[in-house]
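Below, each chain spelled out in residue letters.
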Amino acid sequence: MNISLVLLNDTLRWHDNPLLNACEGPKAAVIVLNKAAFFGRQYGLPRANLQRLQQQIAVIAALKNTLAAKHIGLITLVGDTASCISTLAGELKAEQLYCAEPVASYEYAAINRLKQTLNVTQLDCNSLLGDSLRPNLAMMPDSFTPFRKQREPLLQVSEPAMQAPDQNWLLPAQTEPYNSAFMQLSQQYHTYSTAGIGSEASALARLQHYIWQQQHILHYKQTRNQLMGENYASFFSVPLSLGSLSVRCSWQQIVSFEQQVQANDSTYWLKFELLWREFFRWQFRKYANLWFSKGAIKGQPDFSQPQLSKAQLKQFNLWCQGNTGEPFIDANMRLLNQTGLMSNRGRQNVASYLLHNLDIDWRLGAAYFEQRLLDYDCASNWGNWAYIAGTGNSTQRQFNISKQAQMYDPQGAFVKAMLPSALS
Ligand SMILES: Cc1cc2nc3c(=O)[nH]c(=O)nc-3n(C[C@H](O)[C@H](O)[C@H](O)COP(=O)(O)OP(=O)(O)OC[C@H]3O[C@@H](n4cnc5c(N)ncnc54)[C@H](O)[C@@H]3O)c2cc1C
């Protein structure tokens, strides 16, 4: 049997998933939970905390149920992506692999390894621009505004992929024997009963709620700088980062809303922010692993470990815990530690504080965010950190923390909520 493997690691969804109708003939749906990304360490820090691992397991389990309801089995493996796929391909005598085009350099490395033994087809599944930038990637502007001005007028977001009914998938009963390692992991790490805001079902419900039902989108530009709450921003980042929400679908829902209900500065601004996401993704494809160098895309490549003096190590740990003594910073860090999320305004401030007030290597801040953020996305995280450090797509950005606190938390309500003792 000449079977194809369809790797769903970056598209944990049924809607608008081009991989689900990428090939005809017998095929097996596969996900590999990459052990290094969840159990590895970088710069001495764990790469993911328990909450992130639990979310990942729960969202994979949710997709498995969705597929099972359509009589499609899902093979869930745990380990190194390239090794797991190679072994599985050997067992199933598969020669073809279909997967989403990656963004981060280590994902490219895995795909390149697999290309030595398999015919690999990569599909663009999670971007707005599709393939339009690919031929001229080397010429892509390194600043957001010229990128936006160049691309926005030409942007034609493709229609979401439709799922053709197809009987050629391995069935749930056929894939179950491969799932023991994942089942063990699920049992060991007591997952949430639901996948929180990360699952496809929650993401689609959120899209409806935020755009259509409550129309919070109409005030997005005025509320997006708030620090806490449920509707000041879209909260699309978690499912977008997991691939359980399609960015193209999100974009098209906004456009439909603009056409059918109302277009204003706020509806435009949500698309503007989605273009920031797009910008960093293509920047990552352009500069690959340079993003992990000390000077990122500027200066000589230097992949040596960040160095900290004893005093800096202490300051870094206090920053992580939300114990710097600067209430606005501490409140934001505690929110991150408690919920796995932080507003964009908060992220900019805590990053600026770590880099420019404490003078600590930006990569350590990025690594701590990677460990904690439930919306961790390689390009958006490392790209934004480098941006504030001045090593990426901007000169350095330093925020005046007390001015920011006054402007965005004038009554101290946010600090009070997070640090009840700070203002008493
Ligand atoms: C230091 C730092 C680290 C960050 N790390 C991440 C990360 O790991 N993952 C992540 O998704 N975002 C990251 N961001 C960007 C931004 O803070 C989050 O996307 C946003 O707060 C998520 O909330 P939301 O979905 O409600 O955003 P909204 O304000 O509703 O924006 C809508 C969408 O636009 C995109 N977006 C918004 N702002 C940015 C931005 N500055 N850069 C790239 N995309 C953006 C996101 O996909 C977001 O979901 C980071 C920003 C900073 C300053």
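Our structure's up above, just so we're on the same page.
Asker: Could you clarify how one ought to interpret the overall build of the protein chain in this entry?
Answerer: Helices and strands together make up the secondary structure of the protein chain, namely 19 helices and seven strands. For 424 residues, the compact-globule formula gives about 22 Å, and the C-alpha radius of gyration of the protein chain, at 22 Å, lands near that figure. Across its three principal directions, the C-alpha atoms of the protein chain cover 70 × 55 × 45 Å. Split into buried and exposed, the 424 residues of the protein chain put 56% on the buried side. Of the contacts made within the protein chain by residues no fewer than 6 positions apart, 74% connect residues no fewer than 24 positions apart. Within the structure as shown, the protein chain displays about 18,600 Å² of accessible surface, and the carbon and sulfur contribution to it stands at 51%. A distance of 6 Å separates the average location of the 36 positive side-chain charges in the protein chain from that of its 30 negative side-chain charges.

Asker: Could you clarify how one ought to interpret the site of the ligand in this entry?
Answerer: Neighbouring residues of the ligand: 26 residues in total, closest Y220, S234, F235, N344 and D375. Note that an oxygen atom of the ligand is positioned 2.7 Å from one of the backbone N or O atoms of F235. Note that a nitrogen atom of the ligand is positioned 3.0 Å from one of the side-chain N or O atoms of N384. The fraction of the free accessible surface of the ligand (820 Å²) that becomes covered by protein chains is 95%. Listed by contribution, the elements that provide at least two residues to the shell around the ligand are α10 (237-242), α12 (265-287), α15 (344-357) and α17 (378-389). Element by element, the count of residues in the shell around the ligand is highest for α12, at six residues. When its residues are assigned to classes, the shell around the ligand shows 14 nonpolar, seven polar and five charged.

Asker: Would you take a moment to explain the layout of surface pockets for this structure?
Answerer: Rolled over the atoms, a probe sized like a water molecule indicates the empty space that remains. Its boundaries defined by the atoms lining it, the second largest pocket holds a volume of some 910 Å³. The wall of the second largest pocket is formed by 44 residues, among which N9, D10, Y106, E107 and S241 lie closest to the centre. In terms of residues, the lining of the second largest pocket owes the most to one element, helix α4 (residues 105-115), which gives six residues. Per-class residue counts for the lining of the second largest pocket are 25 nonpolar, eight polar and eleven charged.

Reading guide: rules and limits
Residues numbered from 1 in each chain as written. Predicted model: local features only at pLDDT ≥ 70, side-chain atom pairs only at ≥ 80, totals over all residues. Heavy atoms only, no water. Helix = DSSP H or I, 4+ residues; strand = E, 2+ residues; numbered from the N terminus. Rg over C-alpha atoms; globule rule 2.2 N^0.38 Å. Buried < 20%, exposed > 50% of the residue type's maximum accessible area, 1.4 Å probe, protein only. Contact = heavy atoms within 4.5 Å. Areas by Shrake-Rupley, 256 points an atom, 1.4 Å probe, with all protein chains shown as cover. Lys, Arg positive; Asp, Glu negative; His and termini not counted. Charge placed at Lys NZ, Arg CZ, Asp CG, Glu CD. Near = heavy atom within 4 Å. Polar contact = N/O pair within 3.5 Å; in protein donor to acceptor, adjacent residues only side chain to side chain. Nonpolar A, V, L, I, M, F, W, Y, C, P; charged D, E, K, R; others polar. 1 Å grid on protein atoms, 1.4 Å probe; cavity = no way out; pocket = protein on both sides within 12 Å on 5 of 7 lines; lining within 4 Å. Points joined across faces, edges and corners; volume = space filled by probe spheres on them.

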